[in-house]
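Spelled out, the chains give:
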Amino acid sequence: YAKFPRNNEIKQHTSALHSTLQTMGIICSCVILFKMVVSMMQRWFLWMFPEVWSVFVVGVLEITNGCLDLATLDGIGLRFVLCSFYLSLGGVCTMIQTYAVTNGLHFCKYVVCKFMEGGISFLIAYIIQWFLLHEDEKIRLSPAFLVTVLTVVLLIVFSIRKSEKTCRNFQPVI
């Protein structure tokens, strides 16, 4: 004969289902919200900027649309380097989703570390593309730009300790 679940087991399953649906609702809401924000930005003012900057901003805000927009850019080297940056960064949408479902996360420190990780990936991908791609496919950045990116990454590394102290009480609105 079949054994029926007890009330306690039913409550545990119901609680787990409720928690899962709540988490998925938060994640889906963030994706929809950022898709709307990106669409409005593209319609209102991103069209005024060069395509590279528009694609960069979209990718920083939301990784899926940013990677999709990479197809519109010329040059495999540029797409390779930006894709590496996007995949390491994850986008602001992903950062907010992570914060929403994670307890005890220092949001400012997390954001700073993700941008540092994105910068490091950008630099590594830039170096790798010099070995993998043909001469006409490589992107060429000025040494001043590369020094600036490296300097920013190093400043972030050395300021993480300070950002943890100043951002401890920061709570973004979700």
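Coordinates for the structure precede this section.
Described in the following lines is the structure provided in the data block.

Calculation notes
- Each chain carries its own residue numbering, running from 1 in the direction its sequence is written.
- Per-residue local features are limited, in this predicted model, to residues with pLDDT of at least 70; the limit for side-chain atom pairs, both in listing and counting, is 80 or more; totals at the level of whole chains, interfaces and linings are taken over all residues.
- Computation of side-chain values covers all heavy atoms of the structure but excludes hydrogens and water.
- Put simply, DSSP marks the helices as runs of H or I at least four residues long and the strands as runs of E at least two long, and each gets a number from the N terminus on.
- Burial status follows relative accessibility: with a 1.4 Å probe on protein chains alone, a residue under 20% of its type maximum counts as buried, one over 50% as exposed, and anything between as partly exposed.
- Whether two residues touch is decided by their heavy atoms; if any such pair falls within 4.5 Å, the residues are in contact.
- With residues, only the protein chains shown are counted as cover, and all accessible areas are computed by Shrake-Rupley using a 1.4 Å probe.
- By this rule the span expected of a helix is its residue count minus one, scaled by 1.5 Å.
- Throughout this description, the term salt bridge denotes a Lys or Arg side-chain nitrogen within 4 Å of a carboxyl oxygen of Asp or Glu.
- Each patch is built from residues lacking any salt bridge and having more than 30% relative accessible area; the joining distance is 9 Å for like charges and 5 Å for nonpolar side chains (Val, Leu, Ile, Met, Phe, Trp, Tyr).
- Between rings of Phe, Tyr and Trp, where Trp is taken as its six-membered ring, a pair exists when centres lie within 6.5 Å; planes separated by under 30 degrees are stacked, by over 60 edge-to-face, and by other angles tilted.

### Points about the overall build of the protein
Alright, step 1. Looking only at helices and strands, one finds seven helices and zero strands in the protein.
Alright, step 2. Its helices and strands in sequence order give the protein the pattern α-α-α-α-α-α-α, from N to C terminus.
Alright, step 3. In the protein, buried positions account for 34% of the 174 residues.
Alright, step 4. A separation of at least 24 residues holds for 62% of the contacts in the protein among residues at least 6 apart in sequence.
Alright, step 5. Counting every atom, the protein has about 11,700 Å² of accessible surface; 68% of that belongs to carbon and sulfur.

### Focus: helix 1 (residues 7-44)
Alright, step 1. With 38 residues, helix 1 extends 55 Å between its outermost C-alpha atoms, agreeing within 8% with the 56 Å of an ideal straight helix rising 1.5 Å per residue.
Alright, step 2. Turning to helix 1, its buried residues number three or more, namely Cys30, Phe34, Val38 and Met41.
Alright, step 3. Taken together, the buried residues of helix 1 touch helix 2 (51-61) and helix 5 (92-101).

### Re the pattern of salt bridges
Alright, step 1. Applying the stated criterion across every chain yields a total of two salt bridges.
Alright, step 2. The residue Lys138 makes a salt bridge to Glu135 at a minimum N-O spacing of 3.1 Å.
Alright, step 3. Exposure remark for Lys138: the relative accessible area of 12% places this residue in the buried category.
Alright, step 4. Residue class for Glu135 comes out partly exposed when judged on its relative accessible area of 48%.

### Some words on a nonpolar patch on the surface
Alright, step 1. Together, Ile32, Leu33, Met36, Met40, Trp44, Phe45, Trp47, Met48, Phe49, Val52 and Trp53 line one region of the surface with nonpolar side chains, adding up to about 1,200 Å² of accessible area.
Alright, step 2. Elements with a contribution of two residues or more to the nonpolar patch: helix 1 and helix 2.
Alright, step 3. On the secondary structure map, Val52 appears in helix 2.
Alright, step 4. Look at Val52 and you get partly exposed, because its relative accessible area is 34%.

### Digging into the packing of aromatic side chains
Alright, step 1. Under the criterion given, the structure shown has five aromatic pairs.
Alright, step 2. On the numbers, 5.0 Å between centres and 70° between planes, the contact of Tyr99 with Phe107 is edge-to-face.
Alright, step 3. Considering the side-chain rings of Tyr126 and Trp130, the 6.1 Å spacing of their centres and the 75° angle between planes classify their relative orientation as edge-to-face. Here Trp130 and Tyr126 lie together in helix 6 (residues 107-132), a separation of four residues that amounts to about one turn.
Alright, step 4. Taken together, Trp53, Phe56, Phe85 and Tyr86 form an aromatic cluster joined through their ring pairs.

Any link to function would need more than the numbers given here.
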